[in-house]
Amino acid sequence: MSSSALLARTAAPRRAWLADLPLLAVAVVWGGSYLAAKGITTAHTVIAVLVLRFALVLPVLAVAGRRRLRALTARQLRGAGLLGLVLGGIFLLETYGVVHTSATNAGLIISLTMIFTPLAEAAVRREAPPGAFLAGAAASVTGVVLLTQGAGLTVPGVGDLLVLGAALARTLHVLLMARSTAVQGADPLSLTTVQLGGAVLVFAVLAAVPGTGERPLAVTAAFGPAEWAGLAFLSVFCTLFAFFVQMWAVRRSSPSRVSLLLGTEPLWAAAAGIAIGGEHLGPAGLAGALLVLGGTAWGRRAVTG
């Protein structure tokens, strides 16, 4: 083998890992997003924080993709707008859930989307999922039960149930994205921008309704440096940076590698909650966390090969 060929063979894995690092960074910041959201949000400020989080990044996305936005048809705009309503529901359930549960629980429970989505796809296609996948799903569900029990057998808290609802809503969103003919062929950046616009519209309307919590401007007036830093982290890193990295990565990596790396998000959520947030799982919770992580990885491998 020539020296140039040898160098090419050793450089290829290095390039692959260099492409993987930004994706791993996305998984890390997404894992930290639950603790960040919990740190700057209360039950009375959920809607206001969501308005601020996405209104800050929406103009950047609109400017970056303005030419492709103009190319969307009226049908694609309507389809993306409807998907934006679902997306808004996901963030409402997820954020209200984070307020009422631990960041560790939220990050691990939301990972059930990786189990729910293949199950829903199998139901739509009327196909039985592989036995290995069902075993992984059973392990994950058992893990969530253990994770949410604390010291004894109790009903899962309202926050846990809200995050579980967000995981189901994420599954619905994925299915609609895949099966909706209205958005097929649409540019991904434009599609995401319109969806986020629809979600922000939902949040803005809710924020104007009396009794739904504090107004966005009132919330910003009460923010200190820590709260602004948390909001910037959610807006710039967890939304803007994450989206553009995914757009960049799909052109340089395989879908399996993208899924594998982003699938480590619940691990980082648990790490942030325990190491930074001071959360404590206990023996049952720790066993549940391991079952969720192992079950989702097992189930994902069963359906992706």
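Keep in mind the model is a prediction, meaning the values are calculated, not measured.

(A) Broad picture of the packing of helix H9 (residues 188–208) against helix H11 (residues 225–249). Interhelical geometry of H9 versus H11 gives an angle of 155 degrees and a closest axis separation of 11 Å. By the angle between their directions, the pair H9 and H11 is classed as roughly antiparallel. As H9 packs across H11, the resulting crossing turns out to be right-handed. From H9, Pro188, Leu189, Thr192 and Leu196 reach across to H11, where they touch Thr239, Phe243, Phe244 and Met247.

(B) View of the packing of aromatic side chains. Within the structure shown, the criterion is met by 6 aromatic pairs. Aromatic rings pair up to connect Phe54, Phe91 and Phe203 into one cluster.

(C) Representation of the environment of Gly143 within the structure. Of note, Gly143 is situated in helix H7 (residues 131–147). Each C-alpha atom of the pair Gly143 and Gly288 lies 3.7 Å from the other, and the pair is 145 residues apart in sequence. With near-sequence residues (within four places) excluded, Gly143 lies in contact with Gly288, Leu291 and Val292.

(D) Region of the structure containing the nonpolar core. In terms of nonpolar packing, the biggest core is built from 32 residues, with Tyr34, Ile110, Leu147 and Leu234 touching the most fellow members. Residue assignment for this core shows that the elements contributing at least two residues are helix H1 (3–40), helix H2 (46–64), helix H5 (103–110), H7, helix H8 (158–179), H11, helix H13 (265–275) and helix H14 (282–304). The element contributing the most residues to this core is H1, with 6 residues. One finds Val57, Val99, Ala207 and Leu240 within the second-largest nonpolar core, a separate group that totals 25 residues.

(E) Examining the pattern of salt bridges more closely. Tallied over the full model, the rule gives 2 salt bridges. For Asp187, the salt bridge identified is with Arg68, shortest N-O distance 3.5 Å. Here Asp187 is found in the loop between H8 and H9, whereas its partner Arg68 is found in helix H3 (residues 66–70), with 119 residues between them in sequence. When its relative accessible area of 18% is taken as the criterion, Asp187 is described as buried.

(F) Inspection of the environment of Gly107 at higher detail. With respect to the helices, strands and loops of the structure, Gly107 is situated in helix H5. Given the relative accessible area of 0%, Gly107 is considered buried. Residues Gly107 and Glu265 lie 158 residues apart in sequence; the distance between their C-alpha atoms is 7.4 Å. Look past the residues within four positions of Gly107 in its chain and what remains in contact with it is Tyr34, Pro266 and Ala269.

(G) Quick peek at a nonpolar patch on the surface. On the surface, Val28, Leu267 and Trp268 cluster together to form a nonpolar patch covering roughly 230 Å² of accessible area. Within the element layout of this structure, Trp268 appears in helix H13.

(H) Highlighting H2. Between the first and last C-alpha of H2 there are 28 Å, a value that for 19 residues agrees with the 27 Å anticipated at 1.5 Å per step. Leu58 marks where H2 bends most, by close to 25 degrees; the proline Pro59 follows one to four residues later. Of the positions making up H2, those classed as buried are Val46, Ile47, Ala48, Val49, Leu50, Val51, Leu52, Arg53, Phe54, Val57, Leu58 and Leu61.

(I) Spatial organisation of unusual backbone geometry. For Arg126, which is not glycine, the phi dihedral falls at a positive 60 degrees. Examined against the element boundaries, Arg126 turns out to sit in the loop between helix H6 (113–125) and H7. By relative accessible area, which is 81% here, Arg126 ends up exposed.

(J) Expanded view of the packing of H2 against H9. Relative orientation of the contacting elements H2 and H9 amounts to 150 degrees, with a least axis distance of 9 Å. The orientation of H2 with respect to H9, classified from their angle, is roughly antiparallel. As for how H2 packs across H9, the hand of that crossing is left-handed. In this structure, H2 uses Ile47, Leu50, Val51, Phe54, Ala55, Leu58, Leu61, Ala62 and Ala64 to contact H9, whose residues at the interface are Leu189, Thr193, Leu196, Gly197, Val200, Phe203, Ala204, Leu206 and Ala207. Its residues assigned to classes, the contact of H2 with H9 comprises 16 nonpolar, 2 polar and no charged.

Each value, and the rule that gives it
- Residues numbered from 1 in each chain as written.
- Predicted model: local features only at pLDDT ≥ 70, side-chain atom pairs only at ≥ 80, totals over all residues.
- Heavy atoms only, no water.
- Axes fitted to C-alpha atoms, helices over the stretch in contact; angles between N-to-C directions.
- Helix = DSSP H or I, 4+ residues; strand = E, 2+ residues; numbered from the N terminus.
- Parallel < 35°, antiparallel > 145°, perpendicular 65-115°, else oblique.
- Left-handed = near helix turned anticlockwise from the far one by under 90°.
- Contact = heavy atoms within 4.5 Å.
- Phe/Tyr/Trp six-rings, centres within 6.5 Å; stacked < 30°, edge-to-face > 60°.
- Core = buried A, V, L, I, M, F, W, Y, C linked by side-chain atoms within 4.5 Å.
- Buried < 20%, exposed > 50% of the residue type's maximum accessible area, 1.4 Å probe, protein only.
- Salt bridge = Lys/Arg side-chain N within 4 Å of Asp/Glu carboxyl O.
- Patch = residues over 30% accessible without salt bridge, like charges linked within 9 Å, V, L, I, M, F, W, Y side chains within 5 Å.
- Areas by Shrake-Rupley, 256 points an atom, 1.4 Å probe, with all protein chains shown as cover.
- Expected span 1.5 Å × (residues − 1).
- Bend = angle between axes of the 7 residues up to and from the residue.
- Nonpolar A, V, L, I, M, F, W, Y, C, P; charged D, E, K, R; others polar.

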